[in-house]
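An overview of the molecular structure
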Amino acid sequence: MGKYKHVFFDLDHTLWDYDTNAAEALGELHHKHQIWDKSGFSPEELHRTFLEVNDILWDDYNLAKIGRDDIRRNRFPMIYKKLGVPLDHIPENIEYEYVNLCPTKSAIFPDAFQVLNTLAEDRVLHVITNGFDDIQFTKMESSGLRDYFEVIITSETAGYRKPDPRIFDLALSRAGAQKQESVMIGDNLISDIGGAREFGIDQVFFNPNSKSHNDSVTYEIKRLNELLELL
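Residues numbered from 1 in each chain as written. Predicted model: local features only at pLDDT ≥ 70, side-chain atom pairs only at ≥ 80, totals over all residues. Heavy atoms only, no water.

**Focus on the overall build of the protein**
Note the following rule: Secondary structure follows DSSP: runs of H or I at least 4 residues long count as helices, runs of E at least 2 residues long count as strands, and numbering of each begins at the N terminus. Burial classes: relative accessible area under 20% of the type maximum marks a residue as buried, over 50% as exposed, and values in between as partly exposed (1.4 Å probe, protein chains only). The contact criterion used is simple: two residues touch if any of their non-hydrogen atoms lie within 4.5 Å. Here the accessible surface of atoms and residues is derived via Shrake-Rupley with a 1.4 Å probe, and residues count as covered only by protein chains that are part of the display. His is not counted, nor are the chain ends, whereas Lys and Arg count as positive and Asp and Glu as negative. The location of each charge is read from NZ of Lys, CZ of Arg, CG of Asp or CD of Glu.
Scanning the protein for helices and strands turns up 11 helices and 6 strands. Principal axes of the C-alpha set define a box for the protein whose edges measure 55 × 35 × 35 Å. The proportion of buried residues among the 231 residues of the protein is 50%. Within the protein, residue pairs in contact and separated by at least 24 positions form 65% of the contacts whose partners lie at least 6 positions apart. Total accessible area on the protein is roughly 10900 Å²; 46% of this is exposed by carbon and sulfur atoms. Considering the protein, the positive charge centre built from 25 side chains and the negative charge centre built from 39 side chains are found 3 Å apart.

Okay, structure coming up:
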């Protein structure tokens, strides 16, 4: 076993491939609701704008500026506004359909299973995610990730959101882990990396798109299989 006994993962954009799964779900809804015929934008435009809006809303959620209901109430109206399409063109219940469909998709990042299988041989694996219990557990079950993790902490369960140190404190307490034997792996420099750094545990920044930054990180990787050399 390497330096870290307890390995804490973020879920979305780190193990579960949010962008790919969202594209698949939105493509199905675009076809079902005949959005091209009725509103004149393509599945690719819908996906691109969805990700832009979603990032804005989730940044606000992570900073405790808005709640779960705000994300769901505002997401598609913001998308349609950005695309210059009247809000009365939004298909009824599309938000409800999206949040029920997308978590059932199963795409994960390359090497995820190989890495988890190898690490699980002599480490204890956990998840800390800024998400909602029903959605996040569906994602893990649908993608085959669930059984790898001993402790799974969502922001809904904790009552706190990364980067709040209290969610990390709860996760380590539930895991029976000490700071010096723990590491956090995630894609978000504020919630995952900044939160873990401020709490006092090492971090691995998962940066598959080589995003430029000036943050202080313990480690940085482009592919998950690099973890096998680091940890």
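Read on for the rest.
**Remarks on the packing of helix 1 (residues 18-32) against helix 5 (residues 94-101)**
Note the following rule: Axis definition: a line fitted to C-alpha atoms, over the contacting stretch in the case of helices. Angles run 0 to 180 degrees between N-to-C directions. Oblique is the label for any angle not under 35 degrees, not over 145, and not in the 65 to 115 range, which are roughly parallel, roughly antiparallel and roughly perpendicular in turn. Should the near helix be turned counterclockwise from the far one by less than a right angle, the crossing is left-handed, whereas a clockwise turn marks it as right-handed. Classification used: nonpolar for Ala, Val, Leu, Ile, Met, Phe, Trp, Tyr, Cys and Pro, charged for Asp, Glu, Lys and Arg, polar for all others including Gly.
It is the contact of helix 1 with helix 5, at a shortest axis distance of 10 Å, that shows an interaxial angle of 135°. It follows that helix 1 is oblique to helix 5 by the angle criterion. Our pair here, helix 1 against helix 5, has a crossing hand that is right-handed. Residues Tyr 18, Ala 22, Ala 25, Leu 26, Glu 28, Leu 29 and Lys 32 of helix 1 pack against Ile 94, Glu 97, Tyr 98 and Leu 101 of helix 5. Split by residue class, the contact of helix 1 with helix 5 holds 8 nonpolar, no polar and 3 charged.

**Notes on the sheet that holds strand 1 (residues 6-9)**
Applied cut-off: In this analysis, strands are considered paired if DSSP registers two or more bridges between them.
Pairing within the open sheet is parallel, and its 6 strands lie in the order 3-2-1-4-5-6. In the strand order of this sheet, the two ends are held by strand 3 (151-154) and strand 6 (219-221), each with one partner. Strand-to-strand twist in this sheet, taken as the mean axis angle between neighbours without regard to direction, amounts to 20°. Bridging between strand 1 and strand 4 (residues 182-186) involves 4 bridges; their strand directions are parallel. Residue pairing across strands places Phe 9 opposite Ile 185, the latter belonging to strand 4. Along the sheet, helix 9 (residues 165-175) makes contact with strand 1, strand 2 (124-129), strand 3 and strand 4, crossing strand 3 at roughly 160°. Its contacts with the sheet put helix 10 (residues 189-199) on strand 4 and strand 5 (202-206), and the angle it makes with strand 5 is roughly 160°.

**A closer look at the pattern of salt bridges**
In a structure, side chains of opposite charge can pair up when their charged atoms sit close to one another. Selection rule: Salt bridge criterion: a side-chain nitrogen from Lys or Arg within 4 Å of a carboxyl oxygen from Asp or Glu.
This model, assessed by the stated rule, comprises 15 salt bridges. Among the ionic pairs, Lys 82 bridges to Glu 52, the shortest N-O distance being 3.7 Å. One end of the pair, Lys 82, is in helix 4 (residues 68-82); the other, Glu 52, is in helix 3 (residues 43-62), with 30 residues separating them in the sequence. One network of salt bridges, with partners in common, ties together Asp 10, Lys 162 and Asp 192.

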